[in-house]
Amino acid sequence: MKTWKLVSGILCIVLFVVVMFQSCAVGFVNTVEGSEEFSGTAGMIVAFMMLSGGIVSVSTRQSNGKGSNIALIVLFGFAAFVGFIGSGRFGDLPIWSFWCLINAIMAFICLRRKDKKEE
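Numbers given for residues are sequential positions, taken from 1 along each chain in its written order. Predicted model: local features are reported for residues with pLDDT of at least 70 only, side-chain atom pairs are reported and counted for 80 or more only, and whole-chain, interface and lining totals are derived from all residues. Hydrogen atoms and water are omitted, and side-chain values are computed over all heavy atoms in the structure.

Draft legend 1. Here's a closer look at the packing of helix α1 (residues 2–33) against helix α2 (residues 39–59). To define axes, lines are fitted to C-alpha atoms, for helices over the stretch in contact only, and angles between the resulting N-to-C directions are given on a 0 to 180 degree scale. We count a stretch as a helix when DSSP gives it H or I for four or more residues in a row; a strand needs E for two or more, and each element gets its number in order from the N terminus. As a packed pair, α1 and α2 sit with axes 7 Å apart at the nearest point and diverge in direction by 165°. Here α1 lies roughly antiparallel to α2, going by the angle between them. Like other packed secondary-structure pairs, α1 and α2 cross with a definite hand, here left-handed. Amino acid classes used here: Ala, Val, Leu, Ile, Met, Phe, Trp, Tyr, Cys and Pro are nonpolar; Asp, Glu, Lys and Arg are charged; the rest, including Gly, are polar. Per-class residue counts for the contact of α1 with α2 are 17 nonpolar, 10 polar and one charged. The labels follow the angle: roughly parallel below 35 degrees, roughly antiparallel above 145, roughly perpendicular from 65 to 115, and oblique for the rest. Take the far helix as your reference; a near helix turned counterclockwise from it by less than a right angle gives a left-handed crossing, and one turned clockwise gives a right-handed crossing.

Pasting the structure below:
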């Protein structure tokens, strides 16, 4: 699971740039059109949660405790929730939210796997 944490963390940090750029563009379009949507803001929240999750994932890949996996579940789970709820016109936001959901599930599997090793 150390390899998963490193690879997903690096991907999340790189994808932060893409998601943030798209979110800013969508937010600008929403503002210019005068729509009441908040999909750009939701995208920015997802981007920052992805960045935070990526940093936590890379920095705690060697740790043996449960705290890092719980933090990853919370960060990626919150990002997935916000992304799915606030997607609106932002068509790519469900894709990024699904990526966050996969990371949250993998962190949960890693957490459960460590519980079974301890027993």
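Draft legend 2. Highlighting the side chain of T60. Summarising the element assignment, T60 is placed in the loop between α2 and α3 (67–85). Not counting the four nearest positions on each side in its chain, T60 is found in contact with K5 and S68. We call two residues in contact when some of their heavy atoms are within 4.5 Å.

From the geometry alone we can't say anything about function, so treat these as descriptive.
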